[in-house]
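Fold and contact review
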Amino acid sequence: MTLLRPQVGPITGPDPSVFSQHYWDGCAAGELRFQRCAVCDTAVHTPAAVCPSCGSEELRWESSSGRGVIHSVTIVWRPVTPAFEAPYAPAIIELEEGWFLLTSVIDCDTDGEELAIGAPVEIVFHPLADGFVIPYARPR
Amino acid sequence: MTQRSLHDVVIVGVNNTPQAKLLEGHDSRSVSLAAALGAVADAGLSPLDIDGVVGPFGNDFIHQHRIGPVWRSLSPLGIPAVLEAAMAIACGLATTVLITTGEAGSHRHRTSTAPWTRPTNEFVAPYGMFTAAEFALMARRHMHLYGTTQESLAHVAAVIRNNGHVHPEAVFHGRGPFTASDVLASRMVADPFHLLDCAMTSEGGAALVLTSADRAAGRVHPVHILGGGIDHFGPAYQNPPVWESGGRRRPDLIVGTVGRRASELAFAAAGLGPQDVDVCEFYDPFSFEIIRQFEAYGFCGVGEGGDFVLSGVIEPGGRFPITTDGGTMSFSHGGAAVQLLQRVIRGVQQLRGTCSTMQVAGAEVAMCTGGGSGAMFTDVLLLGTSKP
Ligand SMILES: [Zn+2]
């Protein structure tokens, strides 16, 4: 049994792209942003130029409630590089608005029921070592 | 230019260089060139017979052997390269094409996972993602939806590793035999994958030569291309690998069954179905992917793959023997792409009837594959001993 926590090692944030800058700015402000199609209402992530459902370019940024459920989850015991501390729990979260976010689950035990597929989570934000803020999920 | 179809193209030369955890005295270029010469010799040809080359070091081959000017492609390796070479021959752009690849010396600092497993994308890198974790998310979803068990996964890994255990040229020759219990007892990498559920890393080269059936007339064992297909769902290791997500084409064509459309195209071109396949040279980045592929290609229903692999079909002597040289778990995983060509090479060896181990008696149709659900692509190639 190990408590899952945000990574504190020498991990640097990514270089945002033209599409993603607004998403990462939201994270820095404690807000989980996604795009929604003004024509067909589809929620879109990762940030895109057109709606994947109807092709519309009318994508508007919205703020997510940050509430969702675990769609799938794994516990990594062999870290990708020494900068990461294992165990950590990459997961796909299905947000209430109907979009999927890849993140890691924290603030629960590796053998806890809070890590089950379907378990409710909420998004929280933590900085990486260089101050770049990324979203995590924790049980709610 | 002579117009032909894919059915008029045959594979006449194959070669794996020695494969090893570390290939002393080699770099990626040298091992690619060594692989190329071996395949050309296996075809009974000389470099000057080659008028088309595919592969990262193809240009070096052209220059070193002074065979230019010739057709060249930078196609992704593995099955896409085979299909593109076959198309070039069918269309008359080349008569005889060499595909060559190899890697050595690119991953010798083992504190991190192999470089080709580590995506740099902004949406995954901060979470320590690598291929095992991406594929684990697919496997866990399948287990949740269909009750697939770790025992099914472990059985697949044990069968493939045992195929390598008896193969003298496998990097892990003699490391077994393995039982499913051994797999389950190995350390956990990314739940549900234990160490022995995962591909290894190694070094090596591989190459293959294709030509037209009329040029190969009279040669021993030309292997025919019966059909192929390539399925992609977009950039892997950026967007979450959601099992149920798909495009807008057809509801059953989802990331979880990626390769279904490719296999349908391949079977249609061959005039065959899953029951006609004699040997399944399936790509094995992780044990679960074998289960998933049997479902995606229609060997069994979606959700039935776990029981299917436990029914005695995948073992030597079974109805659908898998990955008979030991695959990426035991034979070799020589880098980002070398091993993708090795499924095709093994399929050719099976149809020639020349495998020193795990030869499937009388094999006439081989199904070779590449890719996987965590990478959101799957390639399919059907090979046969005769033209459809
Ligand atoms: Zn739309």
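1. As for the pattern of salt bridges
All names here are of chain B. Counted by the stated rule, this structure contains 19 salt bridges over all chains. Of the charged contacts in the structure, one is a salt bridge between Lys387 and Asp8, with a shortest N-O distance of 2.6 Å. Note that Lys387 is positioned in the segment after strand S11 (377–384) and Asp8 in the segment before strand S1 (9–16), a separation of 379 residues in sequence. Given the relative accessible area of 18%, Asp8 is considered buried.

2. Observations concerning the sheet that holds strand S2 (residues 43–44) of chain A
Residues and elements named next belong to chain A. An order of S2-S1-S3 is seen for the three strands of this open sheet, with the pairing classed as antiparallel. Each edge of the open sheet carries a strand with a single partner, namely S2 and strand S3 (59–63). Here strand S1 (residues 33–37) pairs with S3 via five bridges, running antiparallel. For Arg33, the partnering residue across the bridge sits in S3 and is Ser63. Each of S1 and S3 touches helix H1 (residues 21–28); the most contacted strand, S1, lies at about 135° to it.

3. Side note on the domain arrangement of chain A
All names here are of chain A. By the assigned domains, chain A splits into domain 1 (17–63) and domain 2 (65–140). Residue-level contacts link 13 residues of domain 1 with 14 residues of domain 2. Carbon and sulfur atoms supply 77% of the area that domain 1 and domain 2 bury against each other, a total of about 1000 Å² over both sides. The interface formed by domain 1 and domain 2 includes zero salt bridges. Our count for the domain 1 to domain 2 interface comes out at zero residue pairs in polar contact (both at pLDDT 80 or more). Elements represented by at least two residues in the side of domain 1 that touches domain 2 include exactly H1 and S1. Examining the composition of the side of domain 1 that touches domain 2, we find that four residues originate from one element, H1, more than from any other.

Rules of the game
Residues numbered from 1 in each chain as written. Chains lettered and ligands numbered in written order. Predicted model: local features only at pLDDT ≥ 70, side-chain atom pairs only at ≥ 80, totals over all residues. Heavy atoms only, no water. Salt bridge = Lys/Arg side-chain N within 4 Å of Asp/Glu carboxyl O. Helix = DSSP H or I, 4+ residues; strand = E, 2+ residues; numbered from the N terminus. Buried < 20%, exposed > 50% of the residue type's maximum accessible area, 1.4 Å probe, protein only. Pairing = 2+ DSSP bridges. Contact = heavy atoms within 4.5 Å. Axes fitted to C-alpha atoms, helices over the stretch in contact; angles between N-to-C directions. Domains from an automatic or database assignment. Buried area = accessible area lost by both parts, 1.4 Å probe. Polar contact = N/O pair within 3.5 Å; in protein donor to acceptor, adjacent residues only side chain to side chain.

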